[in-house]
Amino acid sequence: MNRPNKMDWTGHADLTEGPDGKYYAVFLGIRPNEKDRVNAGRETFLLPVDWSGEFPVFENGLIPLKPKLKTPGGIKNQTGQNGFFPNGNFTFTDNFTAKYLDYRWISMRGPREEFLSTGKNGLQITPFAHTIKAVAPISALWHRQQHNAFTANVTLKYIPKSEKDLAGLACYQSEKFNYVLGITKKGNDNYLVLARTEKGNTTVLASEKVDVRKPVQLQVVAQGDEYKFYYATDKQNFKNIGGSVSGDILSTNVAGGFTGSLIGLYATSANDIQP
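Let us look at the structure shown here.

The rules behind the values
- Residues numbered from 1 in each chain as written.
- Predicted model: local features only at pLDDT ≥ 70, side-chain atom pairs only at ≥ 80, totals over all residues.
- Heavy atoms only, no water.
- Helix = DSSP H or I, 4+ residues; strand = E, 2+ residues; numbered from the N terminus.
- Buried < 20%, exposed > 50% of the residue type's maximum accessible area, 1.4 Å probe, protein only.
- Contact = heavy atoms within 4.5 Å.
- Areas by Shrake-Rupley, 256 points an atom, 1.4 Å probe, with all protein chains shown as cover.
- Lys, Arg positive; Asp, Glu negative; His and termini not counted.
- Charge placed at Lys NZ, Arg CZ, Asp CG, Glu CD.
- 1 Å grid on protein atoms, 1.4 Å probe; cavity = no way out; pocket = protein on both sides within 12 Å on 5 of 7 lines; lining within 4 Å.
- Points joined across faces, edges and corners; volume = space filled by probe spheres on them.
- Nonpolar A, V, L, I, M, F, W, Y, C, P; charged D, E, K, R; others polar.
- Pairing = 2+ DSSP bridges.
- Salt bridge = Lys/Arg side-chain N within 4 Å of Asp/Glu carboxyl O.

**Remarks on the overall build of the protein**
Next up, step 1: What the protein contains, in helices and strands, is one helix and 16 strands.
Next up, step 2: Dimensions of the protein, computed from the C-alpha atoms along their principal axes, are close to 75 × 40 × 35 Å.
Next up, step 3: Looking at the 275 residues of the protein, the share that counts as buried comes to 41%.
Next up, step 4: The long-range fraction of contacts in the protein, counting pairs at least 24 apart against all pairs at least 6 apart in sequence, stands at 53%.
Next up, step 5: Accessible area of the protein: about 16,000 Å², with a carbon and sulfur share of 49%.
Next up, step 6: In the protein, 32 side chains carry a positive charge and 26 a negative one; their mean positions are 6 Å apart.

**A word on empty space enclosed by the protein**
Next up, step 1: Counted according to the given criterion, the structure contains one cavity of 30 Å³ or more.
Next up, step 2: Considering only enclosed or pocket space, the largest cavity measures out at about 30 Å³ in volume.
Next up, step 3: Taken together, Thr131, Ile132, Lys133, Tyr266, Thr268, Asn271, Asp272 and Ile273 form the lining of the largest cavity.
Next up, step 4: Taken together, the residues of the lining of the largest cavity break down into three nonpolar, three polar and two charged.

**A look at the sheet that holds strand E4 (residues 57–58)**
Next up, step 1: Ordered by their spatial adjacency, four strands build an open sheet running E1-E2-E3-E4, and the pairing between neighbours is antiparallel. This sheet does not close on itself; its edge strands, each paired only once, are strand E1 (8–17) and E4.
Next up, step 2: Relative to strand E3 (residues 43–50), strand E2 (residues 23–30) is paired through seven bridges, and the arrangement is antiparallel. Looking across to E3, one finds that Ala25 is bridged to Leu47.

**Points about the pattern of salt bridges**
Next up, step 1: Across all of its chains, the model carries 12 salt bridges by this definition.
Next up, step 2: Taking the shortest distance from any N to any O, the salt bridge between Lys209 and Asp189 comes out at 3.4 Å. With Lys209 in strand E12 (residues 201–209) and Asp189 in strand E11 (residues 189–198), this residue pair connects regions lying 20 residues apart in the sequence.
Next up, step 3: Its relative accessible area of 54% is what places Lys209 among the exposed residues.
Next up, step 4: On the basis of relative accessibility, which here comes to 32%, the residue Asp189 falls in the partly exposed class.
Next up, step 5: For Asp211, the salt bridge identified is with Arg213, shortest N-O distance 2.9 Å.
Next up, step 6: On the basis of relative accessible area, Asp211 is assigned to the partly exposed category, the value being 38%.
Next up, step 7: For Arg213, a relative accessible area of 75% gives the class exposed.
Next up, step 8: The structure contains a network of salt bridges with shared partners spanning Lys35, Arg37 and Asp225.

**Overview of the pairing of strand E13 (residues 216–223)**
Next up, step 1: Most of E13 is tucked away, with six of its eight residues classed as buried.
Next up, step 2: Pairing of strand E8 (residues 149–156) with E13, which is carried by eight bridges, proceeds in the antiparallel orientation. Note that in E13 the partner of Asn153 across the bridge is Gln219.
Next up, step 3: Bridge count for E13 against strand E14 (residues 226–232) is seven bridges, and the pairing is antiparallel. Among the inter-strand pairings, Val220 is bridged to a residue of E14, identified as Phe229.

Below is the structure:
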């Protein structure tokens, strides 16, 4: 059924009694985009339950509910506070100067080696000799995609020493399905490359020479299934690279899995993407 604020794939519900004496169901579900694809993965939902009869049923039965309901009585809403994740539309900025990373940053396969450090100059990543396509710990730091429409920016101060070096921004569903927007080297020149990996096969969609003497800003903007990648060398005049690309390979429908895609900072010393 097509309707605004659609949610689907619901299940795995648990019943709980709230402090107000009412019953609620906590369950999993997804919010698909306009192509009915799922890029943000499964999320947790809460709905009131009517247990006045023999069996529990969701209140209002088959009547579509609003996407946002009142917080159960007796519950303090701490969304975005005290370590609880924000909800709805929000902005998250991290300059990586704190001693410890924010709790929402995650890594892939829990590397045992120390490859991250923070300080007055921000985040420094020591690259592994693995690419993003490896079934191994990779030198990347990830934030989960939480919205069908979002903008992510990173300022990168990076000069590759060889063609084996690459660092940049990545959108990742798995080692076999991902996008990489990174800076690497070819001959005596530095290039920005946009690559798409589908079923483990990588295609370079676009590449441009880039001046890395000053920090470079990288950006990805998603609007449903449409993803666009940009860069700037002056912090304000962003230029598109690669046109508009589909987020299909970042979806559960194409790539499989239920946890959704990731947006992150990625580096490697085994680069195989050539301009």
